[in-house]
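Tertiary structure, described
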Amino acid sequence: MPIYKQIRKEKGLTQKEICRDFTTRVTLSNIENGKHVPNLFLIEYLRFGICTEDKEMVNRGIEILKLSEEKEQLAKLELECKRYFEGGK
């Protein structure tokens, strides 16, 4: 479970309470499930929304970036393998 979602739930906050009129629950859900990487402004807003320490959010941000890089590398490898096995070496 992503750290933001875990912290939000530990504090008993709903997505609606965090989002207010600033962002949508769909966007927050995507962030919490690692499907969307927020910009720095949104990260700060969300961090403020759950009143957590910078260190926790920074560590999570680094984790998200690492996962994004890994997904990108895996996609490139998959494409290379597909080309190889289809004879397009």
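1. Notes on the nonpolar core
Among soluble globular proteins, nonpolar side chains are generally buried collectively. Grouped together as the largest cluster of nonpolar side chains are 10 residues: Tyr 4, Ile 7, Ile 18, Cys 19, Leu 28, Ile 31, Leu 42, Tyr 45, Leu 46 and Ile 50. Mapped onto this core, the elements with two or more residues apiece are α1 (3–10), α2 (15–19), α3 (25–32) and α4 (40–50). At four residues, α4 tops the list of elements feeding residues into this core.

2. Let's talk about the confidence of the model for the protein
Confidence along the protein averages 78 in pLDDT terms, with 74% of residues attaining 70 or more. The element-level mean pLDDT for the protein is lowest in helix α5 (residues 54–85), coming to 70, with α3 highest at 92.

3. Let's talk about the packing of aromatic side chains
This structure, assessed with the given rule, holds two aromatic pairs. Residues Phe 22 and Phe 41 carry aromatic rings whose centres are separated by 5.6 Å and whose planes lie at 50 degrees to one another, so their mutual orientation is tilted. Of the two residues, Phe 22 sits in the loop between α2 and α3 while Phe 41 sits in helix α4, which places them 19 residues apart along the sequence. Within the aromatic cluster, the residues linked to one another by ring pairs are Phe 22, Phe 41 and Tyr 45.

The rules behind the values
In this numbering scheme, every chain counts its residues from 1 along its sequence in written order. At least 70 in pLDDT is required for a residue's local features to be given in this predicted model, at least 80 for side-chain atom pairs to be given and counted, and no such filter applies to totals for whole chains, interfaces and linings, which use all residues. Neither water nor hydrogens contribute to the side-chain values; these are computed over all heavy atoms in the structure. Definition used in this section: a nonpolar core is a set of buried Ala, Val, Leu, Ile, Met, Phe, Trp, Tyr and Cys residues joined via side-chain atoms within 4.5 Å. The buried label goes to any residue with under 20% of its type's maximum accessible area, the exposed label to any with over 50%, and the partly exposed label to all in between, with areas taken from a 1.4 Å probe on protein chains only. The way it works is that DSSP assigns letters per residue, a run of H or I at least four long becomes a helix, a run of E at least two long becomes a strand, and they are numbered from the N terminus. What pLDDT reports is the predictor's confidence in each residue, on a scale of 0 through 100. Pairing of aromatic side chains requires ring centres within 6.5 Å, counting the rings of Phe and Tyr and the six-membered ring of Trp. Pairs whose planes differ by under 30 degrees are stacked, by over 60 edge-to-face, and all others tilted.

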